[in-house]
Structures are given as structure tokens and as C-alpha cells.
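# A closer look at the structure
Below, each chain spelled out in residue letters.
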Amino acid sequence: MSLPTCIEDLPPEVISQVFVHLLNGSEHLPFIQTFVHAPWLLMHVCSRWRYIAGSLPFLWNSFTVNLGTTALSRGEVLDAYIGYSGTTKPLTIQFVMNRVSPVGDCLLRRLMRESRRWKNITVVGKSRFLPHFQLVRGNLPNLELLRLNVGGKPPSMRCDAFEIAPVLSEVYLQDLAHHIVLPWAQLKRFFAEEDEVEQHVSALNRLEDVQTCTLRVRPCAVPSPPPDDSFPRIILPHLTSMTVNDPNVLHFLNLPSLVDITISQSSFDSESRILSPLKQLLRRSECHLERLSVRSSSQEEWESLATISQLSGLRELDITSRAFPSMFLEVLSSDKGVLSPLESIKIRAVYLHELNPRHAREFVDKRMEGALRMMEIVLGYDAVLEGEWPWWRQENTLRWRRDATSY
């Protein structure tokens, strides 16, 4: 049996897998009018590829539509996408709505006829155009994920287009908690970005069954004073994982099932403190935290972290700091430390002149005495500033890792 000598000899099954990897390598959903990328590009190689690509619905059921377009030909292109995607396959669609032209309105109405197939929907653009989706209300039986990354002046009326979606479980919102009606009680995963803590609190009051939650408060927001002891806390009995960039949010919550939390300051210059609201939350909730990720600039906080009795069951700790938290490790390895079950530590810190990388490694080894299952330390500007100032880099970033079997 001879081996294939060229790509034309490959069986259709192999070529289909090549097409799968081609799409998986793309970071963004293709615009329907983009002919120089997959899947349209595959249709113009040869008749065999055109037949194979046209018979694979997964190549066509994920795409982006710009509703501001003025090109009349987009309607034919969209019809081709819908036709190739099959009649029952779920659709993943990103709508770009910086404006809605007459052509774009026609495209949206065409896609609304397929709303029963909508599974993952993302809307990017201006929030005032959300009422255009009103016609899909009550006709979203398969919608599981909704992302509304919109800005600008909110719609004049509350949008309830997505209120009836029986399997919707994951929602991402931006500045819309007060302007949209959702099946809040059934949501399992929730992400929101708002200007004030109170806006998040208002949304959390409606999330009865949420399990994973990420809340972002913009750095320009005015700090909210913590509520007094008589204030009724919001109880989220099923929430197991939470990420917040403003620790003041924790003052309003009671999370009895929490096992994983990530807390960060908006910046290293922030005046807010993390440990006080965290300690109060743990004491109030009586939860058993297993994983903690903290970003802070206060060395005093690091020193106190190792002595919080409510963290005695912690197994994984992830630290990001401006300075290497040497005092934390000192206390952690002393009789005052309460984190005895700790199995894994990851430390990210800016490299300091008084503690060179070799000394840092020796410092950790001496104090932890090999008790950890896994330890990873990253020193350098890359460790702390990645994602904040990506153009600011320092080449001497050092990384090392130790686990139970190797260094």
C-alpha cells in the first residue's frame, strides 16, 4: 500500500481534521464577509475542498456579523453561512453594533429567524441598540451563554429580550445590571463590570444559584464604606469560586460554600486593604477556603496573612506583590503560622536589589524545608505588570519551580 504523495490523495476525513485545527487556531470568530480566511478561503482552493468544506457544519456555525454594514451583498453571504451550518446545529454569533444600518437591521432579522439555534451570543458596541433584539424574546430555548460587552448611554427602557431563556447559565455584563432583565435565579456563572460596588450588590441580590462569580469595579470608582453589623448580608449558598478587584465587595456577602477566591487591588498604589474584609467574610461565612489568590502591595498584610486562623485549611496560595514577601515566609515557617496543610505556593514579585534571585531561592528553601508539594517563584516586572502595562518589560525575569519529584 503506497503512501499519499500529495494533499490531493488525503482522504476526506483527514482533510476535515485539518480544517478543524485551522479554525481552532483562530482567536476570533470570522466575519461573514472575510474571504481571505477560513472558512470562505477553503471554498476557493479546489472543487474537492469546496465540497468537503460545504459539508462540514462546524465550519459555518460560528461567525461575526457587523450590523453597521451598508453592503447589500452581506445578505447573500449570511444566507450561505446559515445554509452550510445545517438546520439544527447550534450557532455561536458575535454581533458588532456600533451602529445599525438598514442592511444590518435586515441581517439581524434574518438571524432572528434562527434564534432557536442560538447557543452562545456576544454583543459588542453601543448599549442603546439592544432593543433591536426584542423580537427574540421567548424564542431562545437553547441559549446557554450571553456576553454583552456594550458601552455608552444605556437604553431608555430596560431590555427584557433575554429574560425567557430556560437553559441560560452564563452571563457577562458591562454597565447593564440596572438596565437588563435576565433569568437571574438560574444563572450559574456571572461576570460583571460596573462603576460602583452598590451596582454589583444590586445584581448579586438576584443571583440565587450562582456558583462562579467575577466582579470588577473600575479604578475611578469612589470607595464604598463598609456596612454596619446590622446590615443584612447577601447569602449565596452555592457560590464556590469568586474573583473581585475591590475587596469592599466582600463586606456585603455571606458565602458558606466558598472554596476559591481571588482578590486584587485595582493598582499597587491603592489605599484599600484586603485582609480585613477577607477575615470578616471568612468569619461570617464559616466556609472552608482551599485556594486563595491575593495581589497586594502591603508587607504588613503579607505578615498577617500567615496568621489568619480562618485560613488553616488552605491548600493553594498565589501571591502577587511589588516586593518579595519575605516577612510572610518568615511568619509562615514559624510557630505563629497556621497554614500547615498548605501544599502549593506561587509567588510573583518585582525583583529587588536587596534580594537577588539566588538569595530568594535559598531563603524559601531554608524556611519551607521541602514541606511544599509545589512551589513556583517568578521575579521581575513581567511577573507583576503583565496585563497592566504590557509595553513595560524587563528581561531579567527569573522563574523556577519545585514539585515533589523535581526541581
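So, a few notes on the structure that sits alongside this text. In this text the structure is predicted, and so the values were computed from the model without any measurement. (Residues numbered from 1 in each chain as written. Predicted model: local features only at pLDDT ≥ 70, side-chain atom pairs only at ≥ 80, totals over all residues. Heavy atoms only, no water.)

## What to know about the overall build of the protein chain
Looking only at helices and strands, one finds 10 helices and 16 strands in the protein chain. Buried positions account for 46% of the 407 residues belonging to the protein chain. Accessible surface for the protein chain amounts to roughly 20400 Å². Of this, 52% is attributable to carbon and sulfur atoms. (Helix = DSSP H or I, 4+ residues; strand = E, 2+ residues; numbered from the N terminus. Buried < 20%, exposed > 50% of the residue type's maximum accessible area, 1.4 Å probe, protein only. Areas by Shrake-Rupley, 256 points an atom, 1.4 Å probe, with all protein chains shown as cover.)

## Some points on the packing of aromatic side chains
Summed over all chains, the structure comprises 13 aromatic pairs. Here the aromatic rings of Phe95 and Phe133 are separated by 5.2 Å at their centres, their planes lie at 80°, and the arrangement is edge-to-face. Placement of Phe95 in strand β2 (residues 91–97) and of Phe133 in the loop between β3 (118–126) and β4 (145–151) is noted, with a sequence separation of 38 residues between them. Given the relative accessible area of 0%, Phe95 is considered buried. Accessibility expressed as a relative area gives 0% for Phe133, which makes it buried. A cation over a ring is seen here: Arg147 above Tyr172, with NZ or CZ 4.0 Å from the ring centre. Looking at Arg206, its charged tip hangs above the ring of Trp184, at a distance of 4.3 Å from the centre. (Phe/Tyr/Trp six-rings, centres within 6.5 Å; stacked < 30°, edge-to-face > 60°. Lys NZ or Arg CZ within 6 Å of the ring centre and 35° of its normal.)

## Concerning the pattern of salt bridges
The tally for this structure, following the rule as stated, stands at 11 salt bridges. A salt bridge links Glu114 to Arg117, with the nearest nitrogen and oxygen atoms 3.1 Å apart. Pair check on accessibility: Glu114 and Arg117 agree, each one buried. The closest approach of N and O atoms between Arg291 and Glu316, which form a salt bridge, is 3.7 Å. Residue Arg291 is found in strand β12 (residues 291–296), and its partner Glu316 is found in strand β13 (residues 316–321); the two are separated by 25 residues along the sequence. On the accessibility criterion, Arg291 (25% relative accessible area) is partly exposed. Here the residues in one salt-bridge network are Asp79, Arg110, Glu114 and Arg117, joined through shared partners. (Salt bridge = Lys/Arg side-chain N within 4 Å of Asp/Glu carboxyl O.)

## Some details on helix α5 (residues 197–204)
Most of α5 is tucked away, with 6 of its 8 residues classed as buried. The set of residues buried in α5 consists of Val197, Gln199, His200, Val201, Ala203 and Leu204. Where the residues of α5 are buried, they touch β6 (189–194), β7 (212–217), β8 (234–235) and β10 (253–254). (Contact = heavy atoms within 4.5 Å.)

## Some thoughts on the pairing of β3
Looking at chain direction, β2 and β3 are connected through 7 bridges and run parallel. Looking at the pairing, Val96 lines up with Val124 of β3. Read as a crossover between parallel neighbours, the route from β2 over helix α4 (residues 102–112) to β3 is right-handed. For β3 and β4, the ladder comprises 7 bridges, and the chain directions are parallel. Bridging from a neighbouring strand, Thr122 pairs with Arg147 of β4. (Pairing = 2+ DSSP bridges. Right-handed = clockwise from strand over helix to strand, strands pointing away.)

## A closer look at the packing of helix α3 (residues 74–84) against α4
Two elements in contact, α3 and α4, have axes separated by 10 Å at closest approach and are oriented at 20°. One way to sum up the angle between α3 and α4 is to call them roughly parallel. For the crossing formed where α3 meets α4, the hand is right-handed. Here Arg74, Gly75, Leu78, Asp79 and Ile82 of α3 come into contact with α4, specifically with Leu107, Arg110 and Leu111. (Axes fitted to C-alpha atoms, helices over the stretch in contact; angles between N-to-C directions. Parallel < 35°, antiparallel > 145°, perpendicular 65-115°, else oblique. Left-handed = near helix turned anticlockwise from the far one by under 90°.)

## A look at the environment of Leu67
Here Leu67 is to be found in the loop between β1 (62–66) and α3. You can call Leu67 buried: its relative accessible area is 0%. Taking the C-alpha atoms as reference, Leu67 lies 5.1 Å from Val100; in sequence the two are 33 residues apart.

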